[in-house]
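Architecture at a glance
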Amino acid sequence: MYFEDYENAGAAERNGDDVYSKPVRAGKRTYFFDVKSTKGNDYYLTITESKRRVERDGRYVYDKHKIFLYKEDFEKFAEGLQDVVDYIKAHCTVVESRPSSESSFSDVDFDEL
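Summary of the structure given here. Quantities reported herein were computed from a predicted structural model and do not represent experimental measurements.

Okay, the overall build of the protein next. For the protein, the count of helices and strands is two helices and four strands. In sequence order, the secondary structure elements of the protein are arranged as α-β-β-β-β-α. Looking at the protein residue by residue over its 113 residues, the buried ones come to 15%. Pairs at least 24 residues apart make up 22% of the contacts formed inside the protein by residues separated by at least 6 positions. Total accessible area on the protein stands at roughly 9900 Å², and carbon and sulfur atoms take up 53% of it.

And the structure:
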């Protein structure tokens, strides 16, 4: 699916039941938090993770994963999410993923590559 097709597919998927949407770009992924309404005018949340990848032929495609969260589960979901975020922050050290600006390319041994 091309980027333009992805945009159009997103519009087609939204058949008038969207109430509010918040996209969050995070690195190579985009998360969409969409508030939707049912026919009975009740609200629920969809959380979609979208990641662009390149096919072998050079086309871009989007892998999407979606969960549905209903209002009766909001509090327990938020508590669980906060609990695991707090755990990770307390127990996981942050590792710098980019090389330091002080690093030098002279260390490279091309025979090892």
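The structure having been displayed, the exposition proceeds.
Bridge analysis of strand β3 (residues 43-54) against strand β4 (residues 60-70) gives 11 bridges, and the strand direction is antiparallel. Counted as the bridge partner of T48 is K66 from β4. Two successive antiparallel strands, β3 and β4, enclose a turn made up of five residues, where G58 displays a positive phi of approximately 95°.

Turning our attention to the packing of aromatic side chains. In total, this model carries two aromatic pairs according to the counting rule given. A connected cluster of aromatic rings, assembled from ring pairs, spans Y44, F68 and Y70.

A sheet is described by the order of its strands in space; here four strands give the open sequence β1-β2-β3-β4, paired in antiparallel fashion. Each edge of the sheet is formed by a strand with only one pairing partner; in this case those strands are β1 (18-26) and β4. Put simply, the sheet's adjacent strands are angled 20° from each other on average, direction ignored. Inspection of the sheet shows β1 paired to strand β2 (residues 29-37) by eight bridges, in the antiparallel sense. When the bridges of β2 are listed, V24 appears paired with Y31.

Enumeration according to the criterion identifies seven salt bridges in this entry. Notably, a salt bridge pairs D57 with R59, separated by 2.8 Å at the nearest N-O pair. Here D57 falls in the exposed class, since its relative accessible area comes to 53%.

With that settled, the discussion passes to the side chain of T46. Locating T46 in the fold gives a position in strand β3. Relative accessible area serves as the criterion here: at 0%, T46 is assigned to the buried category. The contacts of T46, once residues within four sequence positions are left out, are F32, F33, D34, K36, K66, I67 and F68.

About the cut-offs
Residues numbered from 1 in each chain as written. Predicted model: local features only at pLDDT ≥ 70, side-chain atom pairs only at ≥ 80, totals over all residues. Heavy atoms only, no water. Helix = DSSP H or I, 4+ residues; strand = E, 2+ residues; numbered from the N terminus. Buried < 20%, exposed > 50% of the residue type's maximum accessible area, 1.4 Å probe, protein only. Contact = heavy atoms within 4.5 Å. Areas by Shrake-Rupley, 256 points an atom, 1.4 Å probe, with all protein chains shown as cover. Pairing = 2+ DSSP bridges. Phe/Tyr/Trp six-rings, centres within 6.5 Å; stacked < 30°, edge-to-face > 60°. Axes fitted to C-alpha atoms, helices over the stretch in contact; angles between N-to-C directions. Salt bridge = Lys/Arg side-chain N within 4 Å of Asp/Glu carboxyl O.

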